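# Observations on the model geometry
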Amino acid sequence: LNTLSLAYSLAGREDEAFALVQQGLSINSEFFPFHLNIADRYRHRLELDNALHHIERAIVLNPPLGHAHEQRGRLLIALGRYNEAITSLETALRFAPEQPTTLLYLGMVEGELKRWPKAIEHLERAILQDPGFALGYAYLARNLGEIGRMDEAWQTFRMAEKTGAPLYELRATEKRLQELASTR
């Protein structure tokens, strides 16, 4: 049921995917993959509290699952619960060390809290793990700009362009760097 639900989701048949994973949970509520799957279905529906509930249930059922801790951190970021998100993301790194996406989210939340040096540290580690990590470069460029390291910020921005960061991220980064450059 879980695999078929995931296949339906990939095919854009979200209602059927959701119904199947609900059916699976009614049969075996202790199967942690069902909780991961339904959390993702709820996230797509923007029902973040429900998604968080199921991610937390998956963690109870399988505590060392680094991916689940990362997902919990992402949901907490979306809910504006930044300090809890940091704790969850750090836990994810203990179970799955040096994951670029986990480091990216840690960098993002530290940047949101205006803790630029910590953000930069996490983002540099993400890029070290994956030198082609375009989003890592985009966020690193912004954070470097925030602390006045403008030459490095623009070089990093060019790497974000070169590695294929999404256009919306490039525009937002470029705009912020231009704002920062005009105030210095």
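Since the model is a prediction, treat every value here as computed from it, not as a measurement.

## Some words on the side chain of Arg 72
Along the chain, Arg 72 turns up in helix H5 (residues 66-78). Beyond its immediate chain neighbours, meaning those up to four positions away, Arg 72 contacts Leu 52, Ile 55, Glu 56, Ile 59, Glu 84 and Ser 88.

## So, the packing of helix H10 (residues 150-162) against helix H11 (residues 167-182)
Where H10 contacts H11, the two axes come as close as 11 Å, and the packing angle between them is 165°. In terms of orientation, H10 and H11 fall into the roughly antiparallel class. Judged by the twist between their axes, the crossing of H10 over H11 is left-handed. Here Met 150, Ala 153, Trp 154, Phe 157, Ala 160 and Glu 161 of H10 come into contact with H11, specifically with Leu 170, Thr 173, Glu 174, Leu 177, Gln 178, Leu 180 and Ala 181. Considering only residue class, the contact of H10 with H11 consists of 9 nonpolar, 2 polar and 2 charged.

## With respect to the packing of aromatic side chains
Using the criterion set out here, one finds 3 aromatic pairs in the structure. Taken together, a centroid distance of 4.8 Å and an interplanar angle of 70° make the contact between Phe 31 and Phe 34 edge-to-face. Above the ring of Phe 18, the side-chain terminus of Arg 45 is found at 3.7 Å from the ring centroid.

## Some remarks on the nonpolar core
If you look at the biggest cluster of nonpolar residues, it comprises 47 residues, and the most contacted ones within it are Ile 38, Ile 55, Leu 75, Ile 77, Leu 140, Ala 160 and Leu 177. In terms of residue count, helix H9 (residues 134-146) provides more of this core than any other element does, 7 residues in total.

## Describing unusual backbone geometry
Not every positive phi belongs to a glycine, and Glu 98 is a case in point at roughly 55°. Turning to its location among the elements, Glu 98 is positioned in the loop between helix H6 (82-95) and helix H7 (100-112). Positioned with a positive phi, Lys 114 is a non-glycine residue whose angle comes to about 60°. Here Lys 114 is to be found in the loop between H7 and helix H8 (116-129). Using a relative accessible area of 58% as the deciding quantity, one classes Lys 114 as exposed.

## Section: the environment of Thr 156
Within the fold, Thr 156 resides in helix H10. Look at Thr 156 and you get buried, because its relative accessible area is 10%. Taking the C-alpha atoms as reference points, Thr 156 and Leu 104, 52 residues apart in sequence, are found 15 Å from one another. Not counting residues within four places of it along the chain, the set of residues in contact with Thr 156 comprises Tyr 137, Leu 140, Ala 141 and Leu 144.

Rules of the game
- Residues numbered from 1 in each chain as written.
- Predicted model: local features only at pLDDT ≥ 70, side-chain atom pairs only at ≥ 80, totals over all residues.
- Heavy atoms only, no water.
- Helix = DSSP H or I, 4+ residues; strand = E, 2+ residues; numbered from the N terminus.
- Contact = heavy atoms within 4.5 Å.
- Axes fitted to C-alpha atoms, helices over the stretch in contact; angles between N-to-C directions.
- Parallel < 35°, antiparallel > 145°, perpendicular 65-115°, else oblique.
- Left-handed = near helix turned anticlockwise from the far one by under 90°.
- Nonpolar A, V, L, I, M, F, W, Y, C, P; charged D, E, K, R; others polar.
- Phe/Tyr/Trp six-rings, centres within 6.5 Å; stacked < 30°, edge-to-face > 60°.
- Lys NZ or Arg CZ within 6 Å of the ring centre and 35° of its normal.
- Core = buried A, V, L, I, M, F, W, Y, C linked by side-chain atoms within 4.5 Å.
- Buried < 20%, exposed > 50% of the residue type's maximum accessible area, 1.4 Å probe, protein only.

Spatial relationships are all this shows, so hold off on functional conclusions.
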